[in-house]
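Spelled out from the first residue to the last, the chains are:
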Amino acid sequence: MTYDLRAVDLEVIFRREFELCNVQPGESVVVLAEPSSRADYVAASFGALKSLEANVIQATVPGGSPVPLPSVHTGSGAGLNAVNANPLAQNLLFGADMVVDLTNEGFIHTPLRGRILNAGTRMLFVADAPEVLARNLGQKEDKDIAKTAVEILKRGKELLVVSDAGTELRASLDDGHPGYQCGFVDEPGRWDHWPSHMVVAWPKTSYGKIVLAPGDVLLPFKSYVQEPVTLTIAAGRIAEIKGGADARLLEMFLEDADDEEAYFLSHMGWGLMQTADWFALSMYDKESNMGMDARAKAGNFLFSTGPHPFMGRSTFNHFDIPMRGCTISVDGHYVVKQGVLVS
Ligand SMILES: [Fe+2]
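For the structure given in this document, a descriptive report is provided here.

The rules behind these values
Residues numbered from 1 in each chain as written. Predicted model: local features only at pLDDT ≥ 70, side-chain atom pairs only at ≥ 80, totals over all residues. Heavy atoms only, no water. Phe/Tyr/Trp six-rings, centres within 6.5 Å; stacked < 30°, edge-to-face > 60°. Helix = DSSP H or I, 4+ residues; strand = E, 2+ residues; numbered from the N terminus. Buried < 20%, exposed > 50% of the residue type's maximum accessible area, 1.4 Å probe, protein only. Salt bridge = Lys/Arg side-chain N within 4 Å of Asp/Glu carboxyl O. Pairing = 2+ DSSP bridges. Donors = N, O, S within 2.8 Å, 3.2 Å for Na, K, Ca; no water. Tetrahedral: all angles 85-135°; square planar, octahedral: opposite > 155°, others 65-115°. Contact = heavy atoms within 4.5 Å. Axes fitted to C-alpha atoms, helices over the stretch in contact; angles between N-to-C directions. Polar contact = N/O pair within 3.5 Å; in protein donor to acceptor, adjacent residues only side chain to side chain.

In this section: the packing of aromatic side chains. The final tally for this structure, using the stated rule, is 9 aromatic pairs. On the basis of an interplanar angle of 65 degrees and a centroid distance of 6.1 Å, the ring pair of Phe 14 and Phe 18 is categorised as edge-to-face. Taken as a pair, Phe 14 and Phe 18 lie in helix α1 (residues 6-20) at a separation of 4 residues, close to a single helical turn. Each member of the pair, Phe 14 as well as Phe 18, carries the same accessibility label: buried. Their ring planes at 55 degrees and their centres at 4.7 Å tell us that Phe 253 and Phe 319 sit as a pair that is tilted. Here Phe 319 lies in the loop between β16 (301-305) and β17 (320-323) and Phe 253 lies in helix α8 (residues 245-257), a separation of 66 residues in the sequence.

Before going further, it helps to examine the pattern of salt bridges. Scanning all chains against the criterion turns up 18 salt bridges. Arg 6 is paired through a salt bridge with Asp 4; the nearest N and O atoms lie 2.8 Å apart. Here Arg 6 matches Asp 4 in class, with each residue exposed. Salt-bridge contacts for Arg 248 lead to Glu 255; the nearest nitrogen and oxygen are separated by 3.4 Å. Residue Arg 248 is classed as partly exposed on the basis of its relative accessible area, which comes to 37%. Via salt bridges that share partners, Lys 140, Lys 143, Asp 186 and Glu 187 belong to a single interconnected network.

A few words now on the sheet that holds strand β14 (residues 237-243). On the basis of which strands lie adjacent, the open sheet formed by 8 strands has the order β14-β13-β10-β6-β5-β18-β19-β20 and antiparallel pairing. Strand pairing shows two members of the sheet lacking a second neighbour, β14 and β20 (340-341), which therefore form its edges. Pairing geometry for strand β6 (residues 168-172) and strand β10 (residues 206-212), over 4 bridges, is antiparallel. Each bridged residue has a counterpart across the sheet, and for Ala 171 the counterpart in β10 is Ser 206.

Strand β15 (residues 265-271) sits mainly inside the fold: 7 of its 7 residues count as buried. Direction of pairing for strand β9 (residues 198-201) relative to β15: antiparallel, over a ladder of 4 bridges. For Ala 201, the partnering residue across the bridge sits in β15 and is Met 268. With 4 bridges joining them, β15 and β16 adopt antiparallel strand pairing. Its bridge partner lying in β16, Met 268 is registered against Phe 303.

The next subject is the coordination of the iron ion. Bound to the iron ion on the protein side are His 267 (NE2), His 318 (NE2), Asp 320 (OD) and Asp 320 (OD), at distances that span 2.2 to 2.7 Å. Geometry at the iron ion is irregular, judged from its 4 donor atoms and the angles of 51 to 132 degrees they form at the metal. Each donor residue of the iron ion belongs to the same chain, and together they define the spacing H-x50-H-x1-D. Taken together, the positions of His 267 in strand β15 and His 318 in the loop between β16 and β17 put the pair 51 residues apart, joining distant regions of the chain. Residue His 267 shares its accessibility class with His 318, and that shared class is buried.

So, on to the environment of Leu 102. Mapping Leu 102 onto the fold places it in the loop between β3 (98-101) and α5 (111-118). Here Leu 102 falls in the buried class, since its relative accessible area comes to 4%. Put simply, Leu 102 and Val 42 are 60 residues apart on the chain and 7.2 Å apart in space, counted from C-alpha to C-alpha. Residues contacting Leu 102, with those up to four places away along its chain left out, are Val 31, Leu 32, Ser 37, Tyr 41, Val 42, Ser 45 and Val 126.

The strand order β2-β1-β3-β4-β8 describes an open sheet built from 5 strands, whose pairing is parallel. Of all the strands in the sheet, the pair left with one neighbour each is β2 (55-60) and β8 (191-194). Shown here is a sheet whose adjacent strand axes are inclined to one another by a mean of 20 degrees, direction ignored. One ladder, built from 4 bridges, connects strand β1 (residues 28-33) with β3; its direction is parallel. Bridge assignment links Val 30 to a residue of β3, and that residue is Val 99.

Locating Lys 143 in the fold gives a position in helix α7 (residues 141-155). Judged by relative accessible area, which is 11%, Lys 143 ranks as buried. A polar side-chain atom of Lys 143 sits 2.6 Å from a polar atom in the side chain of Glu 187. Not counting chain neighbours up to four residues away, the residues in contact with Lys 143 comprise Tyr 180, Cys 182, Phe 184, Asp 186 and Glu 187.

Function cannot be inferred from these measures alone, as they are strictly geometric.
See the structure below:
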C-alpha cells in the first residue's frame, strides 16, 4: 500500500494562510482548480478550510487559456476559457465569500476578475512552490505596511527611479491607480496573491531610460539578465532596445506578440517582502514556481509591460521585470535607496 502525505504536510501552512484571510466558520469558500493544478494544494486547501469550519466547495473546470500560445506559470494571469464561457462557474464564484484560485495562471489580467471582485468575493491566488509559500507566509502587519507605502504613491505626482547601471526613469502618478498586495485577503472584493508584499501604480506615461543590470530578472522567462539591456522609454512606451543577447530576447518576445500594445509600460512599484529569496528561481524547474520571490523582494523595483486596465490595453504579452539596486523616490521622498527599503 502506498501513501501520499504531501497535502497533510502542507495543511498547517494553508490553515495559517486562511487564518490571515480571516476565514470564518460558515463562510462559503470555493477552491478553484483545473485538471493540472497541484493535487496537494487542492487537498491542503480543502482540508484547511474544512478545519476552519468553512463551507468549502472544490470546483475543477477544464484547462485552456485564452492566451494565443499558452504556457504555464507565466504570471500573465489571463484566466481560463472554461470559466469565461461558463455562466454556472461564474455564478459559483460570484456567490462565494472567497475563492482560492489554484489554477495555473490565475485570474490577474482579465476583466472577469473585476466582475468576481465586484460581486463582493475575495480572491486568493496560489501558485508558487511549497517552500516559497512557507518561507513567505505573511503576518497581519504586512497589510498596514503596504497601505502606508501605497499612500506615498497616492499623494505623489512623479515616481523617479535611478540606478548606478544608468537607469533614470520618470513616471507620472497622475490618475495612477496605486494599489498593493500583502499576501492575503481579509476583506470583501479584494484580490491578493500568496506570497506577495508590494505596491504598484499604473502610470499613464513615463519617459527616460531603464538599464537592466546583470542579475536582474526577466519574467516570464524566469531567467537572470547576463549583460546590460538599455530600454529607452518615450511617452510610456519602449522606443528602443539596446544590448546583447538579453536585449535581443526581449526584442523578439515583443516582436512575436505582433501587437503594438506590448511595447507600452504597465504597472510599476517596489517590493516589501523581507523574506523573499532572489535566487529561488534558480532552484526550481520553471513549472513549479511563479517567481513571486523576485517580484516582491523588499527594495526591488518592479516594472512591467503590456496590459493596462486603466488605459484599455489588454495584450497578453506581459513582462514583469524585477530589478535590484535601484533608488526610488516619489516627488523627492526616498522610499528605496540602492535597493534597500527606507524605513
Ligand atoms: Fe505583472
